Amino acid sequence: MSEQNAADLVIILITGPENPKRLPSAFFLAATAAAAEQNVVMYFTGPATELLKKGVSETIYPLPGGKSVADFIKLAEDNGVRIIGCAQSLDLVGMTIEDLAQQLPMLTPGQALPALATAKRILTW
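These numbers come from a predicted model, not from an experiment.

*Asks:* For this particular structure, what's the right way to read the sheet that holds strand β2 (residues 40-44)?
*Replies:* Within a sheet, adjacent strands bond to each other through the backbone by hydrogen bonds, running parallel or antiparallel. Strand order in this open sheet of 5 strands is β4-β3-β2-β1-β5, and the pairing throughout is parallel. Of all strands in the sheet, those with a lone pairing partner are β4 (106-107) and β5 (121-124), marking the two edges. Of the pairings in the sheet, the one linking β2 to strand β3 (residues 82-86) comprises 4 bridges and is parallel in character. Bridged to Tyr43 within β3 is Ile84.

Dropping the structure here:
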């Protein structure tokens, strides 16, 4: 992420599997903004990092019989949302880079903050 490609919207996602009903809105907002041709980044940190683990987001359903968190992540990505993970949070949640469901940029807060700070809007979720 460079300042040249400053995001219009950054969503710093902190909520993870502990609060599944809170998750869909973050992805809907991100996908909607990206579909409106905004440059959108979601930075997964803290407990949210667990959502990036193989097999985890597929098993979390905010509503019984509804879509999984994996479906919401795919919706966001299909609309152009860039997903970035927090490298330091991997240790926090007992994960390694090999545990990730897909290859993603993993940035420490020190690496991410300069670029995130250039965003027009930042939401913490």
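*Asks:* I would appreciate a short explanation of helix α4 (residues 109-116) in the present structure.
*Replies:* Owing to its 3.6 residues per turn, the α-helix brings residues three or four apart onto one side. By the burial criterion, the buried members of α4 are Ala112, Ala115 and Leu116. Projected down its long axis, α4 carries its buried residues within an arc of 95°, all on one side. Buried residues along α4 sit against β1 (9-13), β2, β4 and β5.

*Asks:* I would appreciate a short explanation of helix α1 (residues 23-35) in the present structure.
*Replies:* With 13 residues, α1 extends 19 Å from end C-alpha to end C-alpha; this agrees with the ideal 18 Å at 1.5 Å per step. Those residues of α1 that fall on the buried side of the exposure criterion are Leu23, Pro24, Ala26, Phe27, Ala30, Ala31, Ala33 and Ala34. Where α1 is buried, its residues meet β1, β2 and α2 (69-78). Of the residues flanking the end of α1, it is Glu37, one or two places downstream, whose phi is positive at about 65°.

Cut-offs applied
Within each chain, residues carry numbers counting from 1 in the order of the written sequence. A pLDDT threshold of at least 70 governs which residues receive local features in this predicted model, and a stricter bar of 80 or more applies before side-chain atom pairs are shown or counted, although totals over entire chains, interfaces and linings include all residues. Remark: hydrogens and water are excluded; side-chain values derive from all non-hydrogen atoms of the structure. Criterion used throughout: strands pair if DSSP finds at least two bridges between them. A run of H or I in DSSP becomes a helix once it reaches four residues, and a run of E becomes a strand once it reaches two; helices and strands are each numbered from the N terminus. Only protein chains enter the accessibility calculation, which uses a 1.4 Å probe. A residue is then buried if its area is under 20% of the maximum for its type, exposed if over 50%, and partly exposed in between. Note: the arc covers the axis-to-C-beta directions of the helix. Contacts were defined at the residue level, with two residues in contact if any of their heavy atoms lie within 4.5 Å. By definition here, a helix of n residues has an expected span of 1.5 Å times n minus one.

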